[in-house]
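Below are the chains, spelled out letter by letter.
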Amino acid sequence: MSPSMPYLLTSHLFSVHSRSVDSTDSRLHLLNCVLSVYLPLLILSQFVKGVCEKIRDHLEPDAFAVSLIKGIDSSKKGLVLTSTVIRETLGGVDCSVLMGANLATEVASKQFCESTLGCTHPQHGEVLRKLLHSSFFRVGVCTDACTVELCGALKNVVAVGAGICDGLGYGSNTKAAVMRIGLKEMMSVTKELFNGGHESTFFESCGIADLITTCYAGRNRKIAEAFVKSGKSFEELEDELLNGQKLQGPSTAAELHLLLKERGLVEKYPLFTAVYSVCYNGLPPDKFFENI
């Protein structure tokens with residue numbers, strides 16, 4: 001999902017709850033009330049804690065959140081999910097996650113798509129589904145919230161590999177191989193580092209569908225292709241081509257590599273490791289496939 005998704009979600013929440021309200025002032029008051037209970041979050045992962053600290057005293061006691069943020073962090077305790085940071089910083093507020101093959105421009109034009117709502121609290125999941133589901137934006141509820149969130153983060157690493165493939169001029173066979181290996185590593189690392197993860201979750205929109213979309217149309221793929229062709233750094237290309245948007249793939253690869261190295265698992269994940277090596281260790285892109 002792109003940064004314009006919060007606007008789409010907020011607009012949808014507003015339209016659902018304001019149908020019987022006439023005045024502009026009343027509508028704005030109602031919108032504030034809605035967003036103080038149903039809290040959609042999509043900001044850069046490094047700013048999550050600070051933003052949550054600023055808003056936590058302005059929420060209703062029964063508020064709950066839904067995160068669209070696709071990123072992970074690492075600590076001495078291991079991999080940290082963004083939803084965990086939100087939950088802990090907001091004083092225990094329940095946080096669901098919404099992930100899927102949802103390019104914002106297509107959602108805005110009401111082209112049919114699906115999304116996966118990962119939740120640990122079934123009642124909140126049902127409320128959020130009713131708020132977000134529509135004839136063109138189909139929302140499925142999944143209680144395997146951890147896997148839903150990890151899919152949203154890890155697919156960006158695979159997309160960098162797909163962009164390297166495109167930058168080298170390789171075709172569909174090669175990209176399909178990158179995606180297959182990437183999906184396999186996504187499934188494996190989720191089970192290994194989080195003691196589980198249902199295999200069926202990877203076949204929801206948050207999994208294979210989002211992986212396909214991101215590897216063909218996402219910004220991580222786009223910038224990785226430009227990186228190979230131009231020789232410019234990821235930072236330069238991010239500034240030139242993304243209009244203020246940020247990449248998640250390289251930073252997620254770095255956080256993941258740190259954890260895999262600590263666990264002695266680097267060799268078990270050749271694609272994740274190769275993406276990290278291209279981004280940070282100077283591995284020439286044309287050597288990428290020799291390493292996976």
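What you see is a predicted model, and the numbers here were worked out from it, not measured in a lab.

Another aspect to go through is the packing of helix α7 (residues 145–167) against helix α10 (residues 219–230). Where α7 meets α10, the closest approach of the two axes is 7 Å, and the angle between their N-to-C directions is 40°. Accordingly, the angle class assigned to the pair α7 and α10 is oblique. Note on packing geometry: the crossing formed by α7 with α10 is right-handed. On α10, the residues touching N156, A159, V160, A162, G163, I164, D166 and G167 of α7 are N220, R221, A224, E225, V228 and K229. For the contact of α7 with α10, the per-class residue count stands at six nonpolar, four polar and four charged.

For K110, which is not glycine, the phi dihedral falls at a positive 60°. Take K110: it is sitting in the loop between α5 (104–108) and β6 (113–118). For K110, a relative accessible area of 58% translates into the label exposed.

With that out of the way, let us pick up the packing of aromatic side chains. To describe a pair of aromatic rings, you give the distance between the ring centres and the angle between the ring planes. The full count for this structure, using the stated rule, is five aromatic pairs. Consider the rings of F227 and F234, whose centres lie 4.3 Å apart with planes at 10°: the pair is stacked. When its relative accessible area of 9% is taken as the criterion, F234 is described as buried. With a centroid separation of 5.1 Å and 90° between ring planes, the pair formed by F288 and F289 is classed as edge-to-face. For F288, a relative accessible area of 0% puts it in the buried group. What makes F289 partly exposed here is its relative accessible area of 25%.

Parameters and conventions
Residues numbered from 1 in each chain as written. Predicted model: local features only at pLDDT ≥ 70, side-chain atom pairs only at ≥ 80, totals over all residues. Heavy atoms only, no water. Axes fitted to C-alpha atoms, helices over the stretch in contact; angles between N-to-C directions. Helix = DSSP H or I, 4+ residues; strand = E, 2+ residues; numbered from the N terminus. Parallel < 35°, antiparallel > 145°, perpendicular 65-115°, else oblique. Left-handed = near helix turned anticlockwise from the far one by under 90°. Contact = heavy atoms within 4.5 Å. Nonpolar A, V, L, I, M, F, W, Y, C, P; charged D, E, K, R; others polar. Buried < 20%, exposed > 50% of the residue type's maximum accessible area, 1.4 Å probe, protein only. Phe/Tyr/Trp six-rings, centres within 6.5 Å; stacked < 30°, edge-to-face > 60°.

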